[in-house]
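# Structure at a glance
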Amino acid sequence: MAHSGVVAIRNRLYPAAEQEPGCLRHCAHARFVWNLAVEQQSWWWSGRGSAPGSAERQYQLAEARAAEPWLREGSSSVQQQALRDFDRAMAAFFDPANPAGKPRFRSKRSTQGFVIRDTRVRRLSRKHGQVFVPKVGWVRFRWTRPLPTKLGMARVTVDRAGRWHVSFPAPQPTVGRESTGKAVGLDRGVRTALVTSGGQHYRAPRISGRQAQRYLGLQRRFSRQRTGSAKREKTRHAMAVLAARTANRRKDWAEKLSTWFVCEHDVIVLEKINVKGMTRKPAPKPDPEMAGKFLPNKARAKAGLSRGILASCWGTLGQRIEQKAQAAGATAVFTDPRFTSQQCRVCGHISSGNRESQAVFRCKECGHQDHADVNAAKNILARGLPLATGELVPAHAPGHGAPRPRKTPAPASAAGTARTAA
Ligand SMILES: [Zn+2]
């Protein structure tokens, strides 16, 4: 989706109490049909039979509907759409240019949803409208942004906190911007906030200390409660609500900040980040008294929690900068992250000793001193500029008539990829 210039306009959906069961049934049917397709595909993956095609899947759905009354009672259009969804996921998986993961089983525990075809909407007021859901009727949603006049599909989802949304695909709005001739490098840290090559610091919204404590408390309670019990479900719901609240604040922040960066800069350089590395589980602490036993590790669990939230926040920010840059005629570049925090921006010397502390960078070779994260952001910018096309770009990092780095960890051409708007 990131490169196709299509975004989703996502609005809160408010099914009435009597409409919710119908919507949930659509979710269950879509999940069932999707999982059926995954299962068939897995037979083929393990080398048995031939790969079922899209037509064959639709035929098998018709058979399943004939055999299963509960499936037959559902909307055939919702169920067919779930198969088309699967076809698209398969196509993405086989696309060598942009391979997505293998379509996997969908669990009842994750976000649920279904797709409506030939979507119809009508307006109720300035802020609200209704969307037609097959077999359910007109369902109210909050109308936040203008919708395209021709609506194709709409996706209805419900998250673990029980909140419903409806997403309409829309072309990425082009951002009206004038070229500024400016370029910026961004350092997305694990512990500190986002730091720019210009020396600005931004702090991502994090789960607050009290909320983190509460979340960890819930997590502990959850692990003690009996599987399938009503109390356990209640705990799960409370955890989901907390997580959703933080996720919302974070999304909002990423939207605003990415818009600002793209409006103000022709070139934005980021590191390719390893989100997996950032979300690693905290290491267990061995108990010195008893070999083979581990101490409870609250501080580390908490650090792990905020790290995970921060990591996904950085991922979203990078994605949105890339999408908006593409729509606005700016360039987003992703560079090799190796040694950006240990390399001297002035002389190019790389040493872990250059990093005097978390905050201070002092080069062992030339004595250059800077805020450690700002130095890293400047390195990121310098690595990205050669990758960005266009004459608007200054030849050196702003503020540096810098001599060429003596050592570079990798040739610039291999250090990353430039994604330029056509
Ligand atoms: Zn130096």
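Structural notes, computed from the coordinates. In this text the structure is predicted, and so the values were computed from the model without any measurement. (Residues numbered from 1 in each chain as written. Predicted model: local features only at pLDDT ≥ 70, side-chain atom pairs only at ≥ 80, totals over all residues. Heavy atoms only, no water.)

## Considering unusual backbone geometry
Put simply, the test is: Think of it this way: any DSSP run of H or I at least four residues long counts as a helix, any run of E at least two long counts as a strand, and we number them from the N terminus. Here the term buried applies to any residue with accessible area under 20% of the maximum for its type, exposed to any over 50%, and partly exposed to those in between, with areas from a 1.4 Å probe on protein chains only.
Even without a glycine there, the phi angle at Asp118 is positive, about 45°. With respect to the helices, strands and loops of the structure, Asp118 is situated in the loop between β2 (112-116) and β3 (121-123). For Asp118, a relative accessible area of 61% corresponds to the exposed category. Within the chain, Lys135 stands out as a residue other than glycine whose phi angle is a positive 65°. Looking at the element boundaries, Lys135 is found in the loop between β4 (128-133) and β5 (137-142).

## Observations regarding the coordination of the zinc ion
Stated formally: Coordinating N, O and S atoms are those within 2.8 Å of the metal (3.2 Å for Na, K and Ca), and as water is not part of the atoms, a site may appear to have fewer donors than expected. Geometry is assigned from donor-metal-donor angles: four donors are tetrahedral when every angle falls between 85 and 135 degrees, four are square planar and six octahedral when opposite donors sit over 155 degrees apart with all other angles between 65 and 115, and any other arrangement is irregular.
At this site the zinc ion is bound by Cys344 (SG), Cys347 (SG), Cys363 (SG) and Cys366 (SG), with donor distances of 2.2 to 2.4 Å. Angles of 105 to 113° at the metal separate the 4 donor atoms of the zinc ion, which places the site in the tetrahedral class. Sequence positions of the donors to the zinc ion reduce to the motif C-x2-C-x15-C-x2-C. Overall, Cys363 belongs to the buried group, its relative accessible area being 4%. On the accessibility criterion, Cys366 (39% relative accessible area) is partly exposed.

## Notes on the pairing of β2
Here is the rule we go by: Strand pairing is assigned whenever DSSP detects at least two bridges linking the two strands.
β2 sits mainly inside the fold: 4 of its 5 residues count as buried. Inspection of the sheet shows β2 paired to strand β6 (residues 154-158) by 5 bridges, in the antiparallel sense. Bridge assignment links Gly113 to a residue of β6, and that residue is Thr157.

## Structural notes on the packing of aromatic side chains
We count it as follows: Classification of ring pairs uses Phe, Tyr and Trp, with its six-membered ring standing for Trp, and accepts pairs whose centres are within 6.5 Å; under 30 degrees between planes counts as stacked, over 60 as edge-to-face, and the remaining range as tilted. Whether a charge sits over a ring comes down to the Lys NZ or Arg CZ being within 6 Å of the ring centre and within 35 degrees of the ring normal.
Under the defined criterion, the tally for this structure stands at 9 aromatic pairs. With 5.3 Å between their ring centres and 80° between their planes, Trp34 and Phe86 make a pair best called edge-to-face. Of this pair, Trp34 sits in helix α1 (residues 20-45) while Phe86 sits in helix α4 (residues 76-94), placing them 52 residues apart in sequence. Between Trp260 and Phe261 the ring centres are 5.3 Å apart and the planes differ by 70°, which places this aromatic pair in the edge-to-face class. Owing to a relative accessible area of 0%, Phe261 belongs among the buried residues under this scheme. Three or more aromatic residues link up through ring pairs in this structure, and these residues are Phe141, Trp143 and Phe168. A cation over an aromatic ring shows up here: Arg123 above the ring of Trp143, its NZ or CZ 4.0 Å from the ring centre. Over the ring of Phe222 we find Arg232; its NZ or CZ atom is 4.0 Å from the centre of that ring.

## Concerning the pairing of strand β1 (residues 6-14)
Summarising the sheet, β1 and strand β7 (residues 164-171) pair through 8 bridges and their orientation is antiparallel. Residue pairing across strands places Arg10 opposite Ser167, the latter belonging to β7. Of the pairings in the sheet, the one linking β1 to β5 comprises 2 bridges and is antiparallel in character. Residue pairing across strands places Tyr14 opposite Arg140, the latter belonging to β5.

## Looking at helix α2 (residues 54-67)
To keep things clear, this is the line we draw: Multiplying 1.5 Å by the helix residue count minus one yields the expected span of that helix. The arc refers to the directions leading from the helix axis to the C-beta atoms.
A rise of 1.5 Å per residue sets the reference length of α2, with its 14 residues, at 20 Å; its end C-alpha atoms lie 20 Å apart and thus fit the reference within 8%. Within α2 the residues assigned to the buried category are Arg57, Leu61, Ala64 and Arg65. Relative to the axis of α2, the buried residues are bounded by an arc of 100° and lie together on one face. Residues Ala55, Tyr59, Ala66 and Ala67 are exposed on α2 and point more than 90 degrees away from its buried face.

## Observations regarding the nonpolar core
What counts, and what does not: The term nonpolar core refers to a set of buried residues drawn from Ala, Val, Leu, Ile, Met, Phe, Trp, Tyr and Cys, joined through side-chain atoms within 4.5 Å. By definition, residues are in contact when any of their heavy atoms lie within 4.5 Å.
Counting 33 residues, the largest nonpolar core has Leu13, Phe114, Phe141, Trp164 and Phe168 as its most contacted members. Sorting elements by how many residues they give to this core places α1 first, with 7 residues. Leaving out residues up to four positions away in the same chain, Phe114 has contacts with Cys23, His26, Cys27, Ala30, Val78, Val133, Ala154, Arg155, Val156 and Trp164. Residues Val262, Ile268, Leu270 and Ile321 belong to the second largest nonpolar core, which totals 21 residues.

## Structural notes on the side chain of Ser75
Note that Ser75 resides in the loop between α3 (69-72) and α4. In this structure Ser75 touches His26, Arg65, Pro134 and Lys135, once residues within four positions along its chain are discounted.

## A few points about empty space enclosed by the protein
Going by this rule: Grid points spaced at 1 Å over the protein atoms alone were grouped into cavities, where a 1.4 Å probe fits but cannot get out, and pockets, open sets with protein on both sides within 12 Å along at least five of seven lines, with lining residues defined by an atom within 4 Å of a point. Grid points are joined across faces, edges and corners, and a volume is the space filled by probe spheres set on the points. Three classes are used, and their members are as follows: Ala, Val, Leu, Ile, Met, Phe, Trp, Tyr, Cys and Pro are nonpolar, Asp, Glu, Lys and Arg are charged, and the others, Gly among them, are polar.
Across all of its chains, the model carries 1 cavity of 30 Å³ or more by this definition. Its volume calculated, the largest cavity comes out at about 40 Å³. Along its surface, the largest cavity is lined by Val33, Leu36, Ala37, Gln40, Arg57, Gln60, Leu61 and Leu83. Listed by contribution, the elements that provide at least two residues to the lining of the largest cavity are α1 and α2. Among the residues forming the lining of the largest cavity, the class breakdown is 5 nonpolar, 2 polar and 1 charged.

## Here we look at helix α5 (residues 209-224)
For an α-helix, 3.6 residues make a turn, and residues three or four places apart therefore share a direction. Here α5 is 16 residues long and its end C-alpha atoms lie 23 Å apart, about the 22 Å a rise of 1.5 Å per residue gives. Within α5, the full set of buried residues consists of Ala212, Tyr215, Leu216, Leu218 and Phe222. For α5, the angular spread of buried residues about the axis comes to 160°, placing them on one side. Set apart from the buried face of α5 by more than 90 degrees, the exposed residues are Arg210 and Arg224.

## Considering a positive patch on the surface
Stated precisely, the cut-off is as follows: Two joining distances apply to patches: 9 Å for like charges and 5 Å for nonpolar side chains (Val, Leu, Ile, Met, Phe, Trp, Tyr), and every residue must have over 30% relative accessible area and no salt bridge. A 1.4 Å probe and the Shrake-Rupley method give the accessible areas. Residues count as covered only by the protein chains that appear here. Here, a salt bridge means any side-chain nitrogen of Lys or Arg that lies within 4 Å of a carboxyl oxygen of Asp or Glu. Charged residues are defined narrowly, with Lys and Arg counted positive, Asp and Glu counted negative, and His plus the chain ends left uncounted. In this description, the location of a charge corresponds to atom NZ of lysine, CZ of arginine, CG of aspartate or CD of glutamate.
A cluster of basic side chains, namely Arg214, Arg220, Arg221, Arg224, Lys231, Lys234 and Arg245, defines a positive patch on the protein surface. Contributing elements (two or more residues each) for the positive patch: α5 and α6 (230-264). Counting residues per element, the positive patch draws most heavily on α5, which supplies 4 residues. Looking at the element boundaries, Arg245 is found in helix α6.

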